[in-house]
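Geometric and topological summary
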Protein chains: 2
Amino acid sequence: MNVSYDAVVVSTRVRLARNFADYPFPNRLKDVKKAREIVQLIASELNYMDTFDLYYMNAISDERAAFLKERYLISKDLIAHRPISAAFISRDESISVMINEEDHVREQYFLKGFELRKVYERISGIDDIISESIPFAFDPEFGYLTACPTNLGTGLRASVMMFLPALTRTNLIRRALPALSGRGLTVRGQYGEGSVAEGEMYQISNEVTLGYSEEEILSVVENAVRTITEFELREREKMLREDELGVKDKAFRAYGILTNCKRIDAQEFMTLMSDVKLGAVTGIFDGNMEELDQLIVAMRPANINRLNGGPLTAEEQAIYRAEYAGKALRSMELLNGR
Amino acid sequence: MNVSYDAVVVSTRVRLARNFADYPFPNRLKDVKKAREIVQLIASELNYMDTFDLYYMNAISDERAAFLKERYLISKDLIAHRPISAAFISRDESISVMINEEDHVREQYFLKGFELRKVYERISGIDDIISESIPFAFDPEFGYLTACPTNLGTGLRASVMMFLPALTRTNLIRRALPALSGRGLTVRGQYGEGSVAEGEMYQISNEVTLGYSEEEILSVVENAVRTITEFELREREKMLREDELGVKDKAFRAYGILTNCKRIDAQEFMTLMSDVKLGAVTGIFDGNMEELDQLIVAMRPANINRLNGGPLTAEEQAIYRAEYAGKALRSMELLNGR
C-alpha cells in the first residue's frame, strides 16, 4: 500500500516536562516572586528577545489567553495557574515554553506533518540550552522529576494529530481505541485531555513516560501512527469504492453551504469543514489540508475576535465566520476545473 | 397594504365539466367506439389541428401520461379511464380539453398569475365553440348535468395556485383551512385532491358549483385569494422583521446546496427550491418565481425522463436533477450583485 501520510497526519508535537529542585512544584508555589525567578532563569538562558514573545499570564486578557490556547500555544493548566504562569512563544508558533504550568517548565515543539524525529531533535536542542547553567531535577533511578507521576522519567510526550474521517464515520475508531490503550497510547480530541474529537481530528500520544527510553516512546507512537494511517486510508478507499458519488455529494454540499451561508456556528462549521477536508485529501477538491486547518483555527471564537479587532457576541461571530470563511474558501479555488 | 399578488399567486385555472345527453357517463361507458365518437365530435368542433395535440390515452406510454400529469395537463382520472379517454392539449399548454375523464368533457384554461376573470372568459369561449352544434346536457332546474353531484350546475371549478411559505412555516395555514371550508372553498396540495402541499404550494378552489352563479363562484374564490395573499404577505413581513438574517441564511444555504450537490431526490429538491423561491419573492435574490416554478416542474420524475430521452432509475434521476438544476439556477443569475 502506497501510504501518503500527508492525507492523514496533520502535525507533530513533542513536549518535555522539567522542574527545578530548588522550587516547590507549581501547584504549591504560592510565592509570585519565586515564580517570576523561574521565568527570569529561562529568559536568560533562552536569550529570548530575538525569536520569542514572553507572555505573563496575569498580564494578558482572558481573550488573549483563549486566542493562544485555540492556537495550541498554551494549555488550560497554564491559564489556571495564572498568578504564577508565563509562556515564551516563538514568533513562527513552532516553539512554546510554558512556565509554571503543571511543571516548572513545559517545552514543546510543533511542526506540520509527520515529523517525530525532527521535532524531538529540535526540542532536545531547546532543552539543552535551557538546562545549561541550571540543571533540571533528575533522579538516577526515576529520571526527570515531575509533578504528576505519568510524566516521570523522560518527561516526554510525543503527540501526532491525525485527521480520521473514515474511521470516525464507520465507527471503527471505537474499536481501535482499546488496542492503542494496551500499547501505552492515548487518543484524544484535538484540544487535549477530555476534549471530544471535533472535526474528526485525533491526537495520538504516549500515556506514560517512566520505564521507557525516549527512543522507545518515539517508536511506539510512530508505529501506531503508521498503523492508524494505513487503516484510515484503507477505509477511505473502501468508502470511495462503495459510494464515491455519496462522498463527493457530501463534500460539495458542505462547500456549497460554507460559501453561501450568512451565519454558521462553530460546531456546524467544524462538521462541514471536515467534509471539505475529506474532499481535499481524496482529490475531490483541488486543495490542501493545511490551509483548511489554518482556516479552522482562525474561525475559533477567540481567533475571530482577534481578527475582528474586538469581542463579538456568539451571533456576531456566526455572521463573521460565514462571511470570512466563505471568502477564504472561494479564494482557495478548491473547485478548480471541477 | 400594498398587495403584490405576483409574490404569492402562481397561476389561475378554470375548468368546466360538461356531458352529452346521448352517451352514458364515462364510468359506465364501456363501448370504446362510442367513446371515440365523443372525441371525434370535439375534434370537429375545435378544428383542433392548428393549435392542439390530440392524445388518445390508450395510445401513449405510462411515461408520457405521467409527464403530462406532472405538467397539470391531464388528471389521474383521465389516466384511470385509459381505454376510453383522450385529451386535446394546446401547444402553449394553456388549454386542455379532457375527454371521458369523470365527465364527457372537461375543459380547462390556465394562465400564470392571478387572472380569474380573464381565464373564465377564455374557457367560456372554448365552451361556446365546442357546444355550437351539439348542445351539452342541461337541466333547467339543476343546470349542467355532471357525473358527480358536486359539479352539478355551472360545472365550474375555479382554482388558484398559491405559494404560502410563511403561512406554512408558522403553521397558520392550519388555522385558515376551516374558515375557507366554511365559505365553500377547498385547499389542496398542488397535485390535486388528497395530495400533500409539496413545496408550500396550495390550490384554492370552490367546493361545489350547484346553487351559485358563475359570477358568485368567481367572486368567492377571488375574495379568498385576496385575503390569503394579504395574510401571507403580512406573515412574510413579520418573519423578515423578526429574523431577516435567518431567512436570508436559509435561502442562500438552499441555493448553495442546489448549485453544488451531486445528487438530490425529488422531496429535498422541492424543500430547497421553496427556500429559494421565498428568497426570490422577498428580494433576497434577483429572480422571479415563474422560472423557478418551471424548473420545479421540469425536475419531476417523468419530466426528467423526457429531458433525458429515456427512463432513468431513481438514483440516476437524483444525479440528473442535481446537475441540471444546478446549471439552470446558475444561469438565472439569482445572486446578481449579492
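Further up the page is the structure itself.
Residues numbered from 1 in each chain as written. Chains lettered and ligands numbered in written order. Predicted model: local features only at pLDDT ≥ 70, side-chain atom pairs only at ≥ 80, totals over all residues. Heavy atoms only, no water.

1. Observations concerning the relation of the copies chain A and chain B
Superposing chain A onto chain B requires a rotation of 180° together with a translation of 0.1 Å along the rotation axis, leaving an RMSD of 0.1 Å. Viewed as a symmetry operation, the transformation between the two copies matches a two-fold axis. Using C-alpha coordinates, one finds that chain A approaches the rotation axis most closely at Gly256(A), a distance of 2.0 Å. Interface overlap between copies is the fraction of interface residues in one copy that are interface residues in the other; for chain A against chain B it reaches 100%, indicating a shared surface. (Least-squares fit on C-alpha atoms with pLDDT ≥ 70 in both. Contact = heavy atoms within 4.5 Å.)

2. Structural notes on the sheet that holds strand β3 (residues 86-90) of chain A
All names here are of chain A. Read from one edge of the open sheet, 8 strands run β2-β3-β4-β5-β1-β8-β10-β9, paired in antiparallel fashion. In this open sheet, the two strands that pair with only one neighbour each are β2 (52-56) and β9 (185-189). Strand-to-strand twist of the sheet, defined as the mean angle between neighbouring strand axes without regard to direction, takes the value 20°. In this sheet, β3 lies alongside β2 in antiparallel orientation, the contact comprising 5 bridges. Following the sheet pairing, Asp53 is matched in β3 by Ile89. In this fold helix α4 (residues 116-130) packs onto β1 (9-18), β4 (95-99), β5 (105-112) and β8 (156-163), with an angle of close to 145° to the strand it touches most, β5. (Pairing = 2+ DSSP bridges. Helix = DSSP H or I, 4+ residues; strand = E, 2+ residues; numbered from the N terminus. Axes fitted to C-alpha atoms, helices over the stretch in contact; angles between N-to-C directions.)

3. A few points about the nonpolar core
The nonpolar side chains of a soluble globular protein tend to be buried, and buried together. Counting residues in each nonpolar core, the largest one holds 132 residues, and the members touching the most others are Ile42(B), Phe88(B) and Val97(B). At 15 residues, the largest contribution of residues to this core is made by helix α7 (residues 214-258) of chain B. Phe88(B) has contacts with Val39(B), Ile42(B), Ala43(B), Leu46(B), Tyr48(B), Phe52(B), Asp53(B), Leu54(B), Ile95(B), Ser96(B), Val97(B) and Ile99(B), leaving out every residue within four places of it along the chain. Leu46(A), Val97(A), Val160(A) and Leu233(A) belong to the second-largest nonpolar core, a separate cluster that totals 52 residues. (Core = buried A, V, L, I, M, F, W, Y, C linked by side-chain atoms within 4.5 Å. Buried < 20%, exposed > 50% of the residue type's maximum accessible area, 1.4 Å probe, protein only.)

4. With respect to the interface of chain A and chain B
If you look at the interface, chain A gives 19 residues, while chain B gives 19 residues. Summed over the three residues of chain A that lose the most area to chain B, namely Arg253(A), Lys262(A) and Arg263(A), the buried surface amounts to 38% of that side. Between chain A and chain B we count 4 salt bridges in total. Taking the shortest distance from any N to any O, the salt bridge between Glu268(A) and Arg253(B) comes out at 2.7 Å. Remark: the boundary between chain A and chain B carries 10 residue pairs in polar contact (both at pLDDT 80 or more). Breaking the side of chain A that touches chain B down by element, the ones donating at least two residues are α7 (214-258) and α11 (314-331) of chain A. Counting residues per element, the side of chain A that touches chain B draws most heavily on α7(A), at 10 residues. Grouping the constituent residues of the side of chain A that touches chain B by class yields 8 nonpolar, 3 polar and 8 charged. (Buried area = accessible area lost by both parts, 1.4 Å probe. Salt bridge = Lys/Arg side-chain N within 4 Å of Asp/Glu carboxyl O. Polar contact = N/O pair within 3.5 Å; in protein donor to acceptor, adjacent residues only side chain to side chain. Nonpolar A, V, L, I, M, F, W, Y, C, P; charged D, E, K, R; others polar.)

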